[in-house]
Amino acid sequence: MRAFLLLFLLFPVLELFVFVKVSAAIGFFPALLLIIAGSALGVLVMRVAGLATALRARESLQRGELPAEDMFQGLMLAVGGGLLLLPGFISDVVGLLCLLPFTRRLVAAKMRRRAEEQALRQRAFQDDPYQAQPRDGGHRPNVIEGEYERRDK
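All figures in this text were calculated on a predicted structure; none of them were measured in a lab.

What follows covers the overall build of the protein chain. For the protein chain, the count of helices and strands is five helices and zero strands. Counting the 153 residues in the protein chain, one finds 22% classified as buried. Within the protein chain, contacts between residues at least 6 apart in sequence are counted, and of these 53% link residues at least 24 apart. Summed over its atoms, the accessible surface of the protein chain is roughly 13000 Å², and 66% of this surface lies on carbon and sulfur atoms.

If you want it as structure tokens, here you go:
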């Protein structure tokens, strides 16, 4: 939590520092126009990517597949567009990295690997109720399946 607080306080200072350096190199108004263009690009990406992701997810559902990959791609596009909306050059560079297909696939593979490792770790420490013996003498309770109908008088 402290890392996020530090990042939340430090990020605007870094963005301002980079803006001052870039505006000193190319001029204030060209730097300001670059930031405005980045924000406009972010709005465009958010609109187009959101619609495209929803359409791909619908197609996947119609084929009977889970749209997990499509949803992750949409999330990365939304994060990239959101970062482009933020004023500043650092957020624009990170946002553009989120928009590139190569980096999206790289991040997706890394996150998938991480999720699988975490699932394996959780499974290793979880007791399987069907494999473990009950504590009351080794007998499992009888389970009777059935249906019922509620009748109110």
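Continuing now.
This part takes up the UniProt feature "transmembrane region" (unreviewed entry) in the protein chain. In the numbering used here, UniProt assigns the "transmembrane region" (unreviewed entry) feature to residues 34-55 and 75-102. Helix makes up 100% of residues 34-55 and strand makes up 0%, while its end C-alpha atoms are separated by 31 Å.

What follows deals with helix 3 (residues 68-85). Over its 18 residues, helix 3 extends 25 Å from the first C-alpha to the last, a length consistent with the 26 Å expected when each residue adds 1.5 Å. What helix 3 keeps buried is the set Asp70, Phe72, Gln73, Gly74, Met76, Leu77, Gly80, Gly81, Leu83 and Leu84.

Going through the model one piece at a time under the given rule, you end up with two salt bridges. Residue Arg151 is joined to Glu149 by a salt bridge in which the shortest nitrogen-to-oxygen separation is 3.5 Å. Of the residues examined, Glu149 reaches a relative accessible area of 62% and is grouped as exposed.

Right, let's get into helix 2 (residues 28-62). Compared with an ideal rise of 1.5 Å per residue, which puts 35 residues at 51 Å, helix 2 spans 51 Å between its outermost C-alpha atoms and is within 8% of the ideal. The set of residues buried in helix 2 consists of Ala31, Ile35, Gly38, Ser39, Gly42, Val45, Ala49, Thr53, Ala57 and Ser60. The secondary structure elements touched by the buried residues of helix 2 are helix 1 (2-26), helix 3 and helix 4 (89-99). Downstream of helix 2 by one or two residues, Gly64 has phi in the positive range, about 85°.

Bringing the side chain of Asp92 into the picture now. If you trace the backbone, Asp92 turns up in helix 4. Buried charge Asp92 goes without a salt bridge, the closest partner of opposite sign being Arg104 at 16 Å. Ignoring anything within four residues of it in the chain, the contact list for Asp92 reads Gly38, Leu83, Leu84 and Leu86.

Okay, the side chain of Thr53 next. Positionally, Thr53 belongs in helix 2. Residues contacting Thr53, with those up to four places away along its chain left out, are Asp70, Gly74 and Leu77.

Each aromatic ring pair is described using two quantities: the centre-to-centre distance and the angle formed by the ring planes. Per the stated rule, a full pass over the model turns up three aromatic pairs. Between Phe19 and Phe89, the aromatic rings sit 6.3 Å apart at their centres with planes inclined by 15°, giving stacked as the arrangement. With Phe19 in helix 1 and Phe89 in helix 4, this pair connects stretches of sequence that are 70 residues apart. Pair check on accessibility: Phe19 and Phe89 agree, each one buried. For the pair Phe28 and Phe29, a centre-to-centre distance of 5.3 Å together with 75° between the ring planes defines the contact as edge-to-face. We classify Phe28 as partly exposed; its relative accessible area is 43%. What links up through ring pairs into an aromatic cluster is the set Phe19, Phe28, Phe29 and Phe89.

Put simply, helix 2 and helix 4 touch, their axes get as near as 11 Å, and they point 35° apart. Crossing hand, helix 2 versus helix 4: left-handed. Between helix 2, through Ala31, Leu34, Ile35, Gly38, Leu41 and Val45, and helix 4, the contact on the second element is made entirely by Phe89, Asp92, Leu96 and Leu99. Taken together, the residues that form the contact of helix 2 with helix 4 break down as eight nonpolar, one polar and one charged.

Thresholds applied
- Residues numbered from 1 in each chain as written.
- Predicted model: local features only at pLDDT ≥ 70, side-chain atom pairs only at ≥ 80, totals over all residues.
- Heavy atoms only, no water.
- Helix = DSSP H or I, 4+ residues; strand = E, 2+ residues; numbered from the N terminus.
- Buried < 20%, exposed > 50% of the residue type's maximum accessible area, 1.4 Å probe, protein only.
- Contact = heavy atoms within 4.5 Å.
- Areas by Shrake-Rupley, 256 points an atom, 1.4 Å probe, with all protein chains shown as cover.
- UniProt positions renumbered as here; feature names shortened; annotations may be inferred.
- Expected span 1.5 Å × (residues − 1).
- Salt bridge = Lys/Arg side-chain N within 4 Å of Asp/Glu carboxyl O.
- Lys, Arg positive; Asp, Glu negative; His and termini not counted.
- Phe/Tyr/Trp six-rings, centres within 6.5 Å; stacked < 30°, edge-to-face > 60°.
- Axes fitted to C-alpha atoms, helices over the stretch in contact; angles between N-to-C directions.
- Left-handed = near helix turned anticlockwise from the far one by under 90°.
- Nonpolar A, V, L, I, M, F, W, Y, C, P; charged D, E, K, R; others polar.

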